[in-house]
Amino acid sequence: MTAPTQATEIRLAARPHGVPTSANFDIVDTEIPVPGAGQLLVRNVFMSVDPAMRGRMNDAKSYAPPFAVGETMGGGAVGEVVESTVDAFKPGDHVLHQLGWRTHAVVDATKVVKVDGSLAPLSTYLGVLGMPGLTAYAGLLVTAEFKPGDTVFVSGAAGAVGSLVGQLAKLKGAKRVIGSAGSAEKVRHLVEDLGFDAAFNYKDGPVAQQLAEAAPEGIDVYFDNVGGEHLEAAIASMNLHGRITVCGMISQYNATEATPAPRNLVQIIAKRLTIRGMLVLDHWSLQQQFVSEVAPLVASGEIKYSETVVDGIRNAPEAFLGLLSGANTGKMLVRLS
């Protein structure tokens, strides 16, 4: 394969108001960067697009700094080392890092993790064995304090995080696992391919009604990726001492005005509910335990995963916008080479 003579990167052109569009991104061709001392030049192979990136497009204080207008965006990527100034890394090694949204990245060697493409496909280190996988693992087992016999409800269940939450819950002894998704095909996928006990299309009717029908004995754990109507419905169906992990609220990411809270928060008192927000950043200490436990299950087929792959760095904005509108099943990825 002929080596590329230039690099391409995606920059934030303007901050979106409401739903982002392609006009919020600039696609820029530039020179391939040169690594300095202690750095690697990495040719990215896959990059991730994630819902949390939407928040970083706003100029608002949060747990991660906002993207700067005019500068290259960032996110998870896995790539091949092209040039190294560090003995621990050689050309041809594959590494995981946080400088996606570009074909080539100069990364400090202290900020990469070596990964082995012979043990698992490189793409999985951005999905089922990467940040989304650890999010599911820690959010279910630590934040929600899952116990065998629990009935678990997962929103956004066909996505990279939700699909693993449901499968882990089943493997660890859940009484019943229920998922919501946004199409009939995704509902079929959850039940027939991933082993959920029940699933429903939230577009088919009120979420509270569909959840009550799917969980007539109530739910003990809710893993929230959506917020809004889903969170209100989960509170209504919660059993005594139920636990809620609030991982994401994708239904509200593009809101231009404050969104109302669930109208039934008073139930938290009588039901003695626990509601906890979670960030995967707090759980990196579990990474080795997570991979050692889940990687064999992925290899054996006991845990299944899906990927929606968009080809080409110039199509990265399209992949991100598709993610926000629910165009993906499983992990949304951009294949760069």
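About the thresholds
Just so you know, the residues in each chain are numbered from 1, in the order the chain's sequence is written. With the structure being a predicted model, the display of local features is reserved for residues of pLDDT at least 70 and the display and counting of side-chain atom pairs for 80 or more, all residues being used for whole-chain, interface and lining totals. Hydrogens and water are ignored here; the side-chain numbers use all heavy atoms of the structure. Pairing of aromatic rings covers Phe, Tyr and Trp, the last counted by its six-membered ring, and requires centre-to-centre distances within 6.5 Å; plane angles under 30 degrees mean stacked, over 60 mean edge-to-face, and any other angle means tilted. Secondary structure is summarised from DSSP: a helix means a run of H or I of at least four residues, a strand means a run of E of at least two, and numbering begins at the N terminus for each. Classification of residues uses two cut-offs on accessible area relative to the type maximum, computed with a 1.4 Å probe and protein chains only: under 20% is buried, over 50% is exposed, and between them is partly exposed. Both a distance and an angle decide whether a charge sits over a ring: NZ of Lys or CZ of Arg must be within 6 Å of the ring centre and within 35 degrees of the ring normal. For this analysis, a salt bridge means a side-chain nitrogen from Lys or Arg found within 4 Å of a carboxyl oxygen belonging to Asp or Glu. When DSSP finds two or more bridges between two strands, those strands count as paired. For helices, the fitted line uses only the C-alpha atoms of the stretch in contact; every axis is such a line through C-alpha atoms, and the angle between N-to-C directions lies from 0 to 180 degrees. Note on definitions: a residue-residue contact is assigned when non-hydrogen atoms from the two residues lie within 4.5 Å. Each C-beta atom gives one direction from the helix axis, and the arc is the one those directions make. What qualifies as a polar contact is a pair of N or O atoms within 3.5 Å, subject to a donor-acceptor requirement within protein and to the restriction that residues adjacent in sequence count only when both atoms come from side chains.

Engineer: Can you help me understand the packing of aromatic side chains in this one?
Structural biologist: The description of an aromatic ring pair uses the distance of the two centres, along with the angle that the planes make with each other. The tally for this structure, following the rule as stated, stands at 6 aromatic pairs. Centre to centre, the rings of Phe25 and Phe320 are 6.2 Å apart; their planes meet at 75°, and the pair counts as edge-to-face. In this pair, Phe25 is assigned in strand β2 (residues 25-30) and Phe320 in helix α9 (residues 316-324), connecting sequence segments 295 residues apart. For the residue pair Phe25 and Phe320, the accessibility class agrees, reading buried in each case. Among the aromatic side chains, those forming a connected cluster through ring pairs are Phe25, Trp101 and Phe320. Over the aromatic face of Phe89 sits the side chain of Lys114, whose NZ or CZ is 5.1 Å from the ring centroid.

Engineer: Please explain the pattern of salt bridges as it appears in this structure.
Structural biologist: Side chains that differ in charge, positive against negative, can pair when their charged atoms come close. In this structure the tally under the stated criterion is 15 salt bridges. The closest approach of N and O atoms between Glu185 and Arg188, which form a salt bridge, is 2.9 Å. Here Glu185 and its partner Arg188 are both found in helix α4 (residues 184-193), 3 residues apart, which amounts to about one turn of the helix. Taking the relative accessible area as the measure of exposure, Arg188 reaches 29% and is therefore partly exposed. One salt bridge connects Glu232 with Arg263, and the closest N-O pair in it is separated by 2.6 Å. In this pair, Glu232 is assigned in helix α6 (residues 229-237) and Arg263 in the loop between β12 (238-246) and α7 (267-271), connecting sequence segments 31 residues apart. Note on Glu232: relative accessible area 19%, which makes it buried. Beyond isolated ion pairs, a larger network of salt bridges with shared partners links Glu185, Arg188, Glu192 and Asp193.

Engineer: How do you make sense of the sheet that holds strand β8 (residues 151-154) when you look at a structure like this?
Structural biologist: Adjacent strands of a sheet form backbone hydrogen bonds with each other and so pair up, either parallel or antiparallel. Pairing within the open sheet is parallel, and its 6 strands lie in the order β10-β9-β8-β11-β12-β13. The sheet is open, and its two edges are formed by β10 (198-201) and β13 (274-277), each paired on a single side. On average, adjacent strands in this sheet sit at an angle of 15° to one another, irrespective of strand direction. Where helix α2 (residues 131-143) meets the sheet, its contacts fall on β11 (219-224), β12 and β13, and the angle it forms with β11 comes to roughly 145°. Across the sheet, helix α5 (residues 207-214) lies against β8, β9 (176-181), β10 and β11, angled at about 165° from β10, the strand it touches most.

Engineer: Got a minute to help me understand α4 in this structure?
Structural biologist: Residues spaced three or four apart along an α-helix point in a common direction, a consequence of the helix completing one turn every 3.6 residues. Along α4, the positions that sit buried rather than exposed are Lys186, Val187, His189 and Leu190. Take α4 and look down its axis: the buried residues cluster within an arc of 160°, on one side only. Opposite the buried face of α4, by more than 90 degrees, sit the exposed residues Ala184 and Glu192. Along its buried surface, α4 packs onto β9 and β10. Of the residues trailing α4, Gly195 is marked for its positive phi of about 85°.

Engineer: Can you walk me through the environment of Ser123 in this structure?
Structural biologist: Tracing the chain through its elements places Ser123 in the loop between β7 (113-115) and α2. With residues near it in sequence (within four places) discarded, Ser123 still touches Phe46, Glu307 and Leu333. Looking at Ser123, its side chain comes within polar contact range of the side chain of Glu307, at 2.7 Å.

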